[in-house]
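# Survey of secondary and tertiary structure
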Amino acid sequence: MSCWELKPKSINEVRNVVVDFQWKLSSGELLTGTPTVTSVPTGLTFASIVVNTVAVVVNGITAAIGEAVQFRISGGTAGTRYTLMIACGTNATPAQTLEAIDDNQNRPQIEVTN
């Protein structure tokens, strides 16, 4: 199951990204706190990293408030594919931290083009 939709971006573009975590959350559980986003290799800039405060649609599926991470990506080097590491805490008891990894152990990736 893919809970993100990342299209290639050019070096000069700034792209909005939404990653849906609802498939990893238990009933009534929500994302909380400030998510973290990093990449391998480094070179991308991430901004406005937040848990969604309105319902958002990812690949045709609606994620309710508190079920997705939103951020902006800029920069990068042309011809490079970046793997994104995205994590966020939840309001579970005890608290837990979830990562954006799908059922096949894949992480979101984005390609930077000219």
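See above for the structure.
Reference entry: report on the structure contained in this document. As the structure is a computational prediction, the values presented were derived from the model and not from experiment.

Take the pattern of salt bridges next. In the structure shown here, the tally under the stated rule is three salt bridges. In this structure, E111 engages R81 in a salt bridge whose closest nitrogen and oxygen atoms are separated by 3.2 Å. Residue E111 is found in strand β10 (residues 109-113), and its partner R81 is found in strand β8 (residues 80-90); the two are separated by 30 residues along the sequence. Across the pair E99 and R107 runs a salt bridge, and its minimum N-O distance is 3.4 Å. According to the relative accessible area criterion, R107 is partly exposed, its value standing at 26%.

With respect to the element layout, A55 can be found in the loop between β4 (44-51) and β5 (56-58). The spacing of A55 and G66 is 11 residues in sequence and 8.4 Å in space, taken between C-alpha atoms.

Calculation notes
Here the residue index of a chain counts from 1 through its sequence in written order. Given that this is a predicted model, residues contribute local features only at a pLDDT of at least 70 and side-chain atom pairs are listed and counted only at 80 or more, while totals for whole chains, interfaces and linings are drawn from all residues. Side-chain numbers come from the whole structure's heavy atoms, not from hydrogens or water. The salt bridge criterion pairs a side-chain nitrogen of Lys or Arg with a carboxyl oxygen of Asp or Glu, the two atoms within 4 Å. Each helix is a run of H or I in the DSSP string that is no shorter than four residues. Each strand is a run of E no shorter than two, and both are numbered from the N terminus. Exposure classes here rest on a 1.4 Å probe applied to the protein chains alone. A residue is buried below 20% of its type maximum, exposed above 50%, and partly exposed in between.

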